[in-house]
Amino acid sequence: MLYGSHFRALLLSGLFIFSCALPITQAIGQTAGKDFGPRLADTKTEPADKPRIAADMSSKSKTPAEAKGKASTSTSVRYLPQKDGVWSVAETDNFRIFFKGDIKPIDKMAQVVEDSRQNAYERWFGKAEDTWSPKCYLYLDDSGKEFKKAPKNARGYTSAFQKGWNYHRYITVHSDDPDLVDTVLPHEITHAVMIGHFVDQLPTWADEGMAGIAQRRADFDDFHKLIGRYEHKGKLFSLQTLMEMEGYPDDDVDLFYAQSALLVEFLIKEKEPKVFVSLLREAKKDGWAPVLKKLYGIASFEDLEKRWKSFVFGNASPPNDG
Ligand SMILES: [Zn+2]
């Protein structure tokens, strides 16, 4: 996660703030290498700078959780009386959803957010936690106004602060994002779930990688293509660099997201997700290399690099499509 300057200000005033955002990415394969505006130097954003092409938008690819065929419990939604004449409000057990306009899509949205929360807890911690109190505030922004303080090109944005024992979670997304339901919300909600689970803040690559795992599978095809292009140019982040990086890189942010997601995917294919959670906890104390060895039998960063690349590329050489 990256901290925005306004969040630093809050930190200084005594609030414990987390923030992270999914940046708008350059449309993979179309604008790679093109400068897409100010860098995400301050906050966490998720890739999404352009509307996806129609074929991509209509993709019905499933998130990994859905692919496992998990049944969701039906979510009850309560619509609250409008108070400020601007935002309508709907509530589920764990979310207070602020939206404008038609209430019709909100029932589906409510189900998606509760399912995403449940799936993230189950995947990483085995079971869901108690109901969030206070509820997570989710803003479905229709004008971009709520993104003023978010990183440039933010596609979704999650922040939180701690008050007493409680975490106040806030998520802002663009209401018209074509990938809202199967990528942006599951991603941001994973960040919201991670809040409060680690004494220290998660390393950014792990936080983004775990959130990336919740995205639809079609995004992973994009990650593979992007990584293939960078590998061909010899410009991938070394995994040691990635794992030891503080915050986000100044450049190649999309690559950072893609490599983080595929590194987490590799590690949870090697061992169960709970082992990955142990890695994060123990490495904080003992460092990455010894804990990778202890929990995964990975001898060194070189060994990790070799095994990860064989996971990503198989035995074939990386595609030359860039
Ligand atoms: Zn993120």
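As the structure is a computational prediction, the values presented were derived from the model and not from experiment. (Residues numbered from 1 in each chain as written. Predicted model: local features only at pLDDT ≥ 70, side-chain atom pairs only at ≥ 80, totals over all residues.)

Engineer: Help me understand the nonpolar core in this model?
Structural biologist: Among soluble globular proteins, nonpolar side chains are generally buried collectively. Leu-138, Ile-227, Ala-258, Leu-263 and Val-264 are the most contacted members of the largest nonpolar core, which totals 65 residues. Here this core takes eleven residues from helix α9 (residues 253-270), the largest share from any one element. Apart from residues no more than four positions distant in its own chain, Ile-227 is found in contact with Leu-236, Ala-258, Gln-259, Leu-262 and Val-312. (Core = buried A, V, L, I, M, F, W, Y, C linked by C-beta atoms within 7 Å. Buried ≥ 20, exposed ≤ 12 C-beta atoms within 10 Å, placed from the backbone. Helix = DSSP H or I, 4+ residues; strand = E, 2+ residues; numbered from the N terminus. Contact = placed C-beta atoms within 7 Å.)

Engineer: Would you mind going over unusual backbone geometry with me for this structure?
Structural biologist: Generally, phi is negative for residues other than glycine and the peptide bonds are trans, each holding for most cases. The omega torsion of the bond from Ser-133 to Pro-134 falls at 0 degrees, within 30 degrees of zero and hence cis. With respect to the element layout, Pro-134 can be found in the loop between α4 (104-125) and β5 (136-141). Of note in the backbone geometry, Asp-252 takes a positive phi value of approximately 55 degrees without being a glycine. Assignment of secondary structure puts Asp-252 in the loop between α8 (239-244) and α9. Residue Asp-252 is classed as partly exposed on the basis of its C-beta count, with 19 C-beta atoms lying within 10 Å.

Engineer: When you look at the pairing of β5 in this model, what are you seeing that I'm missing?
Structural biologist: Side chains on a regular strand alternate between the two faces of the sheet. Burial within β5 is extensive, with five of its six residues counted as buried. Traced from strand β4 (residues 95-99) through α4 to β5, the parallel crossover comes out left-handed. In this structure, β5 lies alongside strand β7 (residues 166-174), joined through five bridges in parallel fashion. Paired with Asp-141 across the two strands is His-174, which belongs to β7. (Right-handed = clockwise from strand over helix to strand, strands pointing away. Pairing = 2+ DSSP bridges.)

Engineer: How should the environment of Leu-304 be read in this particular structure?
Structural biologist: With respect to the helices and strands, the residue Leu-304 is situated in helix α12 (residues 301-313). Residue class for Leu-304 comes out buried when judged on the 23 C-beta atoms lying within 10 Å of it. C-alpha separation for the pair Leu-304 and Lys-293, spaced eleven residues apart in sequence, amounts to 9.7 Å. Leave out the neighbours within four places in its chain, and Leu-304 touches Leu-239, Leu-292 and Ile-298.

Engineer: Mind showing me how you'd approach the packing of helix α6 (residues 204-213) against α9 here?
Structural biologist: Helix-helix packing: each pair is described by the crossing angle between the helix axes and the interaxial distance. As a packed pair, α6 and α9 sit with axes 7 Å apart at the nearest point and diverge in direction by 75 degrees. By the criterion of interaxial angle, the relationship of α6 to α9 is roughly perpendicular. Listed contacts from α9 to Trp-205, Ala-206, Glu-208, Gly-209, Met-210, Gly-212 and Ile-213 of α6 are Tyr-257, Ser-260, Ala-261, Leu-263, Val-264 and Glu-265. (Axes fitted to C-alpha atoms, helices over the stretch in contact; angles between N-to-C directions. Parallel < 35°, antiparallel > 145°, perpendicular 65-115°, else oblique.)

Remember that the coordinates give geometry; whether it matters functionally is a separate question.
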